[in-house]
Amino acid sequence: MLHPQVTAAVALRQRPPAEVLASDPAAQLQFVRDAMEAANEAECGPAFPLPVVADLDADGVPCRLYATGFGLPVVVYVHGGGWTYGSIETFDRLCRRIAHRSGCAVVSVGYRLAPEHPFPAALEDVEVVLAYIRKEGLDLGLDPARIAIAGDSAGGQIATVVARRQRDAATPLDHQVLIYPALDPLCASESYAELGSYGLDRASMQLAWSAYVQDQALRFTPDVAPLATPDLAGMPPTLIITAEYDVLRDEAADYADALAVAGVPVVHTRYAQMNHGFARKLAVIDAARAAADQIAAVLRSALTF
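### A word on the overall build of the protein chain
Helix and strand content of the protein chain: 11 helices and eight strands. For a compact globule of 305 residues, the expected C-alpha radius of gyration is about 19 Å, and the protein chain comes in at 18 Å, within 12% of that figure. For the protein chain, the spread of C-alpha atoms along the principal axes amounts to about 50 × 45 × 35 Å. Split into buried and exposed, the 305 residues of the protein chain put 56% on the buried side. In the protein chain, of all internal contacts separated by at least 6 residues, the share reaching a separation of at least 24 is 77%. Here the protein chain has roughly 12100 Å² of accessible surface; of this, 57% comes from carbon and sulfur atoms.

Have a look at this one:
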């Protein structure tokens, strides 16, 4: 069964009233965006102070840099939200905790959202940020020779696609962290049928995929469906976090298996009694803090050498 803390957290975010549900999709999406922002402090807690928190323009892409010192390795963070909502601010507390506990700087990317900006806009934005860090990192007090990427849900999908493209460009990343990543445009894994809905279901994921990748012919290319990548050898060492009551659970587990078969070092941790989206809710879910600290420990081990 779901942990009581997960159930209690549901009440912190406003649900769309009948008039919104009866309105057009654009109005419904705007309600979801606004509700997530409004619940941010209740779900995630106050902002933990850090020595460096700075908003940046990375060649046109908004970012926020979190750091506890200078000359630190860098973690590029790609937030979740079905490619259509979420922001730097709604993942601010998670990024602060990772930066504080990992000994790494975190750069959170404010990529363009679908459906206004469909694929490949978000992917391109994250790659622009990586190029910017490699070009300007030393002037920002960072070590651009040590870079990892991390992301949750839709952000996990973007993150691992970027990692594969960096591998192919002979500029490999040092590590990747994927938190309940969305990897299967078919939404066909057994967990969809087994779980039904614990905050996320097949219908909502199909809607999200449709908003992000509007050309159906592109949905099963490696830049969209990581499991369609013919060769995963050479991908960076990987931490994958999944949740027991998450319909994305099985596709992420399949990806962990595929990476391991390809010889990639993988750690896959499944958090019991948790559902999709738990990891950012630091103020109300104990397991969220545990997951953040696991991520920080893995990144510290991978990058602070």
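Additional details are given in the paragraphs that follow.
### Some points on the pairing of strand β1 (residues 52–58)
Note: β1 against strand β2 (residues 61–67), seven bridges, orientation antiparallel. Note that in β2 the partner of Asp57 across the bridge is Pro62.

### Notes on unusual backbone geometry
Residue Pro115 follows Ala114 across a cis peptide bond; omega there is 0 degrees. Structurally, Pro115 can be placed in the loop between β4 (105–109) and α6 (121–136). Of note, the bond from Phe119 into Pro120 is cis; its omega dihedral lies within 30 degrees of zero at 10 degrees. Along the polypeptide, Pro120 turns up in the loop between β4 and α6. Backbone geometry at Trp83 places phi at a positive 65 degrees, although glycine is not the residue there. Inspection of the secondary structure assignment puts Trp83 in the loop between β3 (72–78) and α5 (92–102). Even without a glycine there, the phi angle at Tyr180 is positive, about 30 degrees. When you line up the elements, Tyr180 lands in the loop between β6 (175–179) and α8 (190–195).

### Side note on the side chain of Ser153
Structurally, Ser153 is set in the loop between β5 (142–152) and α7 (154–168). According to the relative accessible area criterion, Ser153 is buried, its value standing at 6%.

### Observations regarding the packing of α5 against helix α11 (residues 286–303)
For the pair α5 and α11, interaxial distance at closest approach is 8 Å and the crossing angle is 45 degrees. When the interaxial angle is binned, α5 and α11 end up oblique. For the pair α5 and α11, the sense of crossing is right-handed. Contacts between α5 and α11 involve Leu94, Arg97, Ile98, Arg101 and Ser102 from the first element and Arg289, Ala292, Asp293, Ile295, Ala296, Leu299 and Arg300 from the second. Taken together, the residues of the contact of α5 with α11 sort by class into six nonpolar, one polar and five charged.

### Some thoughts on the packing of α6 against α7
Contact geometry of α6 with α7 gives a least axis separation of 10 Å together with a crossing angle of 55 degrees. Between α6 and α7, the crossing angle belongs to the class labelled oblique. Between α6 and α7 lies a crossing of right-handed hand. Residue-level contacts link Ala122, Leu123, Val126, Glu127, Leu130 and Arg134 of α6 to Ile158, Val161, Val162, Arg165 and Gln166 of α7. When grouped by side-chain class, the residues that make up the contact of α6 with α7 number seven nonpolar, one polar and three charged.

### Considerations on α11
Here α11 contains 18 residues, and its C-alpha end-to-end distance of 26 Å stays within 8% of the 26 Å for a straight helix at 1.5 Å per residue. Every buried residue belonging to α11 is among Ala287, Ala288, Ala291, Ala292, Gln294, Ile295, Ala296, Leu299 and Leu303, and all of these are buried. Lining the buried residues of α11 we find β3, α5, β5, β6, β7 (238–245) and β8 (266–275).

### Remarks on the environment of Val53
Of note, Val53 is situated in strand β1. For Val53, a relative accessible area of 35% translates into the label partly exposed. Along the backbone, Val53 and Leu65 are 12 residues apart, and their C-alpha atoms lie at a distance of 5.5 Å. Those residues within four positions of Val53 in sequence are excluded, and the remaining contacts are Arg64, Leu65, Tyr66 and Arg96.

What counts, and where the lines are drawn
For every chain, the first residue of the written sequence is number 1, and numbering continues from 1 along that sequence. Confidence filtering applies because this is a predicted model: local features only for residues at pLDDT of at least 70, side-chain atom pairs given and counted only at 80 or more, and all residues used for totals across whole chains, interfaces and linings. Hydrogen atoms and water are omitted, and side-chain values are computed over all heavy atoms in the structure. Think of it this way: any DSSP run of H or I at least four residues long counts as a helix, any run of E at least two long counts as a strand, and we number them from the N terminus. The globule rule used here is 2.2 Å times the number of residues to the 0.38 power, and the radius of gyration it is set against is calculated over C-alpha atoms. Note on exposure labels: buried denotes an accessible area under 20% of the residue type's maximum, exposed denotes more than 50%, and partly exposed covers the range between, all computed with a 1.4 Å probe on protein chains only. What makes two residues a contact is simply this: any of their non-hydrogen atoms within 4.5 Å. Note on areas: these come from Shrake-Rupley sampling with a 1.4 Å probe, and a residue is covered only by the protein chains present in the view. Two strands are said to pair when DSSP picks up at least two bridges between them. Every angle, taken between N-to-C directions, lies between 0 and 180 degrees, and every axis is a line fitted to C-alpha atoms, over only the stretch in contact when it is a helix. Oblique is the label for every angle not falling under 35 degrees (roughly parallel), over 145 degrees (roughly antiparallel), or within 65 to 115 degrees (roughly perpendicular). Crossing chirality is assigned from the near helix's rotation relative to the far helix, an anticlockwise turn below a right angle marking it left-handed and a clockwise turn marking it right-handed. Under the scheme applied, nonpolar residues are Ala, Val, Leu, Ile, Met, Phe, Trp, Tyr, Cys and Pro; charged residues are Asp, Glu, Lys and Arg; polar residues are all the others, including Gly. The span one expects for a helix is its residue count, reduced by one, times 1.5 Å.

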